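Summary of structural features
So the chains spell out like this:
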Amino acid sequence: MTAPPVEKVPKELISADRIHIRVGELGAAITADHAGDPEIVVVCVLKGGFIFAADLVRHIGRPCRIEFIRASSYGNRHTSAGRVALGHDIDFDIAGCHVLLVEDIVDTGQTISRVTDELRKRAPASLKICCLLDKPSARKVTVGIDYTGFTIPGHFVVGYGLDDAEKYRELPFIGIATT
Ligand code: 5GP
């Protein structure tokens, strides 16, 4: 009888407690910066941003409208495909709105650049970027990130919404994939 394959557990890089504290700090900074704005349109980039966005909006002390946009460049590989496909789009006119784009991780910068180019065409009053993780070592496109959770080295990371071929999104911490 052959033994079942051993599941490799990602090695913890950022604990759930550290994430919780940092998300609270980001929420406080966003709240302060939007003190005079009646509403923030939070645009979550799917799929990886869904847990971060869900936690973050609960730390923003201003009314939020939540929208989702789908962007994918990775497929199932660990390096960027270089082409960014936009899938599901927001179903709301953001003209004149204060928009906060929430992304899991900025790596080459191509995804966030493509999404912001698209959203800017729609004439929002303001457009800010909040990413949980920044991997500047792989950057190919210059992007101005307004709020960063953690700057990390060039590892492929999983957990807290980020996947490896659709696995590990449910982990409460950020870990380094060991496959
Ligand atoms: P970029 O376009 O900046 O190269 O890549 C951004 C997208 O690639 C992210 O939204 C994410 O989906 C994916 N990505 C980049 N680095 C990682 C990583 O370390 N782990 C995971 N799971 N996805 C990543």
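**Points about the sheet that holds strand 9 (residues 174-176)**
Pairing in this open sheet of three strands is antiparallel, and the strands run 1-9-8 from one edge to the other. Taken across any chain shown, the strands that pair with only one partner, and hence form the sheet edges, are strand 1 (11-14) and strand 8 (157-158). Pairing of strand 8 with strand 9 involves two bridges; the strand directions are antiparallel. When the sheet's bridge partners are listed, V157 is paired in strand 9 with I176.

**Structural notes on the nonpolar core**
Core analysis: the biggest nonpolar cluster contains 26 residues, and F52, L56, L100, L133 and I174 have the highest contact counts within it. Every element with two or more residues in this core is listed here: helix 1 (16-33), strand 2 (40-46), helix 2 (50-57), strand 5 (98-106), strand 6 (126-134), strand 7 (147-151) and strand 9. Sorting elements by how many residues they give to this core places helix 1 first, with four residues. Among the nonpolar cores identified, the runner-up in size contains 19 residues, and V41, V45, A71 and V106 belong to it.

**Things to note about the pairing of strand 5**
Along strand 5, eight of the nine residues are buried, which leaves the element largely enclosed by surrounding structure. Note that strand 2 and strand 5 share five bridges and pair parallel. Across the sheet, V41 pairs through a bridge with V99, a residue of strand 5. Sheet topology note: the strand 5/strand 6 ladder contains eight bridges and is parallel.

Reading guide: rules and limits
Residues numbered from 1 in each chain as written. Predicted model: local features only at pLDDT ≥ 70, side-chain atom pairs only at ≥ 80, totals over all residues. Heavy atoms only, no water. Pairing = 2+ DSSP bridges. Helix = DSSP H or I, 4+ residues; strand = E, 2+ residues; numbered from the N terminus. Core = buried A, V, L, I, M, F, W, Y, C linked by side-chain atoms within 4.5 Å. Buried < 20%, exposed > 50% of the residue type's maximum accessible area, 1.4 Å probe, protein only.

Take it as geometry only, folks, not as evidence of what the structure does.
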